[in-house]
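Architecture at a glance
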Amino acid sequence: MKKVGNHSSISRIYLLSLAFLLVFSLPVFAQDAAAPKDAAAMPAATGGGDAAKGKELFNANCAACHNLDKKMTGPALRGVAEKYDKAWIYKWVNNSSALIKSGDAKAVKVFEENNKVVMTAFPQLTTADIDNILAYTSEPAPKAEVAPAGAVAGAGAEKSEGVSNDVILGVLVLVMGVLITMLYLVYNMLSRIALSKGLELTATDRSIQSVCQAFVKNQFLVLVSVIMLMLISAYFVYGYLMQIGVDQDYEPVQPIHYSHRIHAGSNGIDCKYCHSAARVSKNAGIPSLNVCMNCHKNIAEVADTTATPEHSKAFYDGEIQKLYDAVGWDRTLQKYTGKTQPVKWVRIHNLPDFAYFNHSQHVTVAGVECQKCHGPVQTYEVMKQFAPLTMGWCVNCHRETNVKVEGNGYYEKIHKELSKKYGVDKLTAAQMGGLECGKCHY
Amino acid sequence: MSSNKKYWKSVEELNENNSIVEALRNNEFVEEIPTDEFLGDKDTLSSSSTTRRDFLKYVGFTTAAATLAACEGPVHKSIPYVVQPEQVIPGVADYYATTMFDGFDFANILVRTREGRPIRIENNTLEGAKFSANARVIASVLSLYDNMRLKFPKIGNESAQWNDVNQKIQQSLADAKAKGKQVVVLTNTLASPSTEKLIAEFVAKNPTAKHVVYDSVSESAALDAFESVYGERALLDYDFSKAGTIVSVGADFLGDWQGGGYNSSYAKGRIPQTGQMSKHIQFESNMTLTGAAADKRVPISVYAQKQALVKIFNIITNSSIPTGKIDNEAEVVKAANQLKDSKNKGLLVCGIQDKNAQLLVFAINQVLTSEAFMAAGVRYTRKGSDAKVAELVKDMNAGNVHTLIMSGVNPLYTLSNAKAFETGLSKVTTSVAFTQKFDETAEKVTIAAATPHYLESWNDYVLTKGTYSIAQPTIRPLFNTKQFQDCLLVWNGSPLTYYDYIKANASSYLNGTSWNKAVHDGLVVTSDSVLASGTADYSGAATQLAQSANAKNFELLLYTKTGMGDGQQANNPWLQEFPDPITRVSWDNYVTVSKADAEKLKLENTIADNGGLDGSYVNISVNGVKLENVPVIVQPGQAKGTLGLALGYGRKASMKEEMQVGVNAYSVYFNASSLQDATIEKASGKHEFACVQSQKTLMGRGDILKETTLADYNKKDAKEWNPQPMVSLDHKEVEATTVDLWESFDRTTGHHFNLSIDLNACTGCGACVIACHAENNVPVVGKTEVRRSRDMHWLRIDRYYSSEDTFAADVEKKENFDGLDLTGFLAGNEDTKGSLGGFRQLEHPADNPQVSFQPVMCQHCNHAPCETVCPVAATSHGRQGQNHMAYNRCVGTRYCANNCPYKVRRFNWFLYNNNDEFDFHMNDDLGRMVINPDVNVRSRGVMEKCSMCIQMTQATILKAKREGRPVNADEFQTACSSACSTGAMVFGDVNNKDSQITKVVADKRAYHLLEHVGTKPNVVYQVKVRNS
């Protein structure tokens, strides 16, 4: 289901012009007005702040608890400059609790409206800084309807891509047709020439029966074809049997569409931040939901740029909502409800019970990159099994990989002795005993 | 989208009166399907081309096709925590120190948990943690996952809420108070200062209340004696390591005598490293572990033991109390003189359940100023009073008891006068049983309150004077249970939880240690306990003891088995399948009879065609109570005129059917005395035992189990008492170890694991067997399968008897055979010197044989015979010395088992998990929680065996690698070596020169099992030395 795509289309132009119309026909600073982003470049009327600097400051200091348009821990801040007078805002930002204690009615009201969560004091922010932030918060909200417009365009783009394939196919078919016609014409020509030269085409017996009889008579041919047939079928049977239980590229649909591309790729989160058990445990571990909430308590929706042609922003936001449902997080109240629903992920890497694999040995001791076995996970939209996870695959790697001995006191003695014994500088895992049955099967 | 449109199927339906419409409405088909016509037509059916066989073929083909098409793996779900507990990392084991005490067993333990499930009990090795886990304690982790546990409180057999339970009890208490009637709290020994304080507060609140302590297996005699001398109800905690000469009169101190737990201190004095070891003389009637370990064992009846004790008293204290005559007078005098000579190095212990006898123990040891006695601690692990229990039963029957609250006791099973207790119970207005099982007592009370297992509970204990132990939960309660103490707090009107209560109460015991450290360590040593002085009328006691009457018929001595104890864990399949160390019988109790008595009564043990052991039945009558069809084991070493019968069996309530085995010996446990006067008569029929080793001897094969005397050990060259087997090479006799078919690999690189087993220190306690069971997911196969020799124990403890008085005499006899002596053999000549008749004689154990234990597991031969015969290379050798077994590769030819000289390989004849035919713990989700996730659960058709706990050695190596350091000396452990409390099993890396194993392997006592076979095992045994 592709939703978002290419941006140039008639509908988009139409919508954009409609938006322009709306912008000029409505009061400029109305909260709910749908305004194009370009319009935001206009200097805000709140007086003198630099919105670009303000954005920087906002992201550094405020974004943990505030969003422009959504209530998070703190209230939505767009247009806050209109609601309160500046002097009051300076006081509030520099030390809100003092303001509340002083009994300021507005301050107490804000405090109570937000679950009595005390806002961190920011005495380091100067009035100029606050002005900048206010300028940023006073920017009009960006146009929201862009995505669906894009979706229509996307459908078009997909279609056009399909046409190009069809064209190639059509050309090929045409070429084929021409060839066949030419062949037919040549055959006719030759027949006519033969006829004209008085050559008689002897009608050889071409029935299938006679071909078969000839084939059967030629015992050598029979033998060779039987052997060939057997070898070919053996090849395919073997191939079929060997892939039983091998689930390479297994890519099941998961209860939550979790994208490693966004997390490990775009955001560059270290694998072991979430799969922390991989360092010390046999299991890498699927992160518990509280680990997700470390970030997602504040990231309730994805950035517009995260959306792809396949998956819209709305889709991703919906997936984050699934996490909230599972962990029991109420977004509006910014509270845990206590109603949890553990996520039933579909397990992808299923080693059989009789094979013992320990992540910490490979990750911590050997320093193997996660990608070595799990593939370029940071590019995966949906997680899949990269390696075949067969014993041959394990053993090959053990044969080829040198043991990482540097700085590990455990290996000092044994490496010296063994490398002398084998006459090599560097020992492979196999030479260290990594191919013994009992190392993995117990 | 709902719609009210009506859709017509045909135009006919428009006509309401149409008969077809009516018929369609009622039947799916307008016309009857002519099934009768089809099936009734026999002719067509019989002439049909599809015969029954064809049909089956079709079914077969379609099934096969469907199977092929279904070659896709199942979908597995992975469900992570919503909020992961900080200390839990999936795949990493957590350890919690705690204390186990169930009124019978006690131990300072370490619980290994995985993903929040306790899976193994290990020993707490911190300073001061002196009680290691025995077989039952190690197995108790499985009792946690017992599906037959009481899962919620019940009022009158209906499930109830805790609020109602507490309300009802509180009402009853108020009622009792108003009526001025008795409230009785009947508990097992608590040894818990907090619980005792709580009960004291309860008694203070309810003036009519009293607390009665009841031990199912009584130690009243010893407690009474201690109380009269030292003014406190407790038992002595001897230190056997300080004793040079130990004389034991009927005390099975390596078993459950006064709670047991003496293995390690005893074993310390038994290892002759410095050329010295303690001398141990045992007088006993039943053959016990202690008797088996003794240097000199004298089988005499309990009556004779009493006389012997007085005789020893006479000699030690220079008294002359008149005594009765006994057969083994000379042995007694010799032992007494040896004891006297060793002065303060001597120790006398006694297991006779008679207050006078127990007083004489104090008298003798005080005169000797025995160090083991004078330095002894005081243990509070038994406090029961039989007199008070008897009084309670009387009160109940008199209708004086209004409310009876029981905790941790099951009197309707463990009381001999259970009938009287039951009628008394019906006269009690409110009876409450706090219990883990819906047991015999819980079935008959008004309120059955479900209590948690000790691994789910908080508690504190003072097991010995000067120590304070804490029990902490290692898992959340699995069921809707509440601790007895939490309810007591509710009744006392306290808002605290028991945890808060202990914490508040603990400060006076912690001795400055922080609470967190105490919980972390599991115990705090607060002070050294010094035994106060005390005295009593010892000669009076001796006179009374000497006058005690002999049994008119047979002396029946009731005892507890190593595997079953007092029977609390009777529903534990590990313990049921655990073979008794002496008789090697599992899944049963039985009466042990001496050979002479058996011949007189025509009782016999025979071997059936399938190799199983059969035994006669007897009926036993005591005081008019008859135990019918008790199977018989003819026990070598049983004193003439005595019988032995184990308590703890014959339970029925809340037990799986397979485990309702044996007879209930508690029904003849009159006056809570282990000694009863019994008559027996032979009954018809044969009992089928599940016995893993018949009552046979070592047949003089001294190279399997080597024994020597301390004198020889000290004086003679090791080659004489630990000879290398010789083989012929090029017609010359050479040592077997110098000859080999194969080139040896260089094993000096990396780790090389060896396991040493000291036969001197091994008491046969079986802790290793159960630890191995738990660690390696060894399945339980059940009684019938054990009988077919299909037991799966990876580690067995062989028990050998001697045919002559000692093993050495056996060897000598064998060496001195003079030809075949066919005539003597055919004539059945008893005195034949020939080998034909001689070997037949050697088969039979002596009346008082020497006994030795030998733990045998896979020997991990460097030149393993099993590895060379496997057609699929499923078993191979690792560089670290372990013999690997790749289960997934095994096709089950069993060649390896046939080629193994040690018979340690076990074949999975069936699928033992998820199989209703084997309804033990692996057949239900709860029981499977005990499975160790690091070890594979084997399937049907594969061979399995001891892996030398490769999962543990690998984990140790990985830990060192992660920390970037070499493995420390003695860091490697196996399940058996870590469970061994006596230090008999030592495991480690022989390439590490600092480790203990390197030293013991090089010891002059070291030898390999069946050395002449040339297998070069990695398991080493240490020659047993007896101080005779």
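Criteria and cut-off values
- Residues numbered from 1 in each chain as written.
- Chains lettered and ligands numbered in written order.
- Predicted model: local features only at pLDDT ≥ 70, side-chain atom pairs only at ≥ 80, totals over all residues.
- Helix = DSSP H or I, 4+ residues; strand = E, 2+ residues; numbered from the N terminus.
- Rg over C-alpha atoms; globule rule 2.2 N^0.38 Å.
- Buried ≥ 20, exposed ≤ 12 C-beta atoms within 10 Å, placed from the backbone.
- Axes fitted to C-alpha atoms, helices over the stretch in contact; angles between N-to-C directions.
- Parallel < 35°, antiparallel > 145°, perpendicular 65-115°, else oblique.
- Left-handed = near helix turned anticlockwise from the far one by under 90°.
- Contact = placed C-beta atoms within 7 Å.
- Nonpolar A, V, L, I, M, F, W, Y, C, P; charged D, E, K, R; others polar.
- Domains from an automatic or database assignment.
- Pairing = 2+ DSSP bridges.
- Right-handed = clockwise from strand over helix to strand, strands pointing away.

**Some points on the overall build of chain B**
Helix and strand counts for chain B come out as 35 helices and 43 strands. Its C-alpha atoms give chain B a radius of gyration of 32 Å, near enough to 31 Å, the size a compact globule of 1028 residues would have. Reported as C-alpha extents along the three principal axes, the dimensions of chain B are approximately 120 × 95 × 70 Å. In chain B, which comprises 1028 residues, the share counted as buried stands at 53%.

**Regarding the packing of helix H15 (residues 386-397) of chain B against helix H17 (residues 418-426) of chain B**
Each pair of packed helices gets described by two things: the angle between the helix axes and the distance between those axes. All names here are of chain B. Taken N-terminus to C-terminus, the directions of H15 and H17 make an angle of 45°; their axes are 7 Å apart at the nearest point. Taken together, H15 and H17 sit at an angle that is classed as oblique. As for the relative orientation of H15 and H17, their crossing is left-handed in sense. Every residue of H17 that contacts H15 at Val393, Met396 and Asn397 is listed here: Ala420, Phe421, Thr423, Gly424 and Leu425. The class makeup of the residues in the contact of H15 with H17 is 5 nonpolar, 3 polar and no charged.

**Regarding the domain arrangement of chain A**
By the assigned domains, chain A splits into domain 1 (45-137), domain 2 (204-244), domain 3 (260-390) and domain 4 (391-442). When each unit is reduced to the centre of its C-alpha atoms, the spacing between domain 2 of chain A and domain 4 of chain A is 48 Å.

**Structural notes on the pairing of strand E8 (residues 209-213) of chain B**
Residues and elements named next belong to chain B. Across 5 bridges, strand E7 (residues 182-187) lies against E8 in parallel orientation. Across the sheet, the residue bridging to Val184 is Lys210, located in E8. Between the parallel pair E7 and E8, the chain is carried across by helix H7 (residues 193-205), and the sense of this crossover is right-handed.

**Regarding the sheet that holds strand E6 (residues 158-159) of chain B**
Within a beta sheet, neighbouring strands are joined by backbone hydrogen bonds and run either parallel or antiparallel to one another. Residue and element names in this part refer to chain B. On the basis of which strands lie adjacent, the open sheet formed by 7 strands has the order E6-E5-E17-E16-E15-E7-E8 and mixed pairing. The open sheet has two edge strands with one neighbour each: E6 and E8. Of the pairings in the sheet, the one linking strand E15 (residues 401-407) to strand E16 (residues 430-435) comprises 5 bridges and is parallel in character. The residue bridging Leu404 from the neighbouring strand is Ser431, located in E16.

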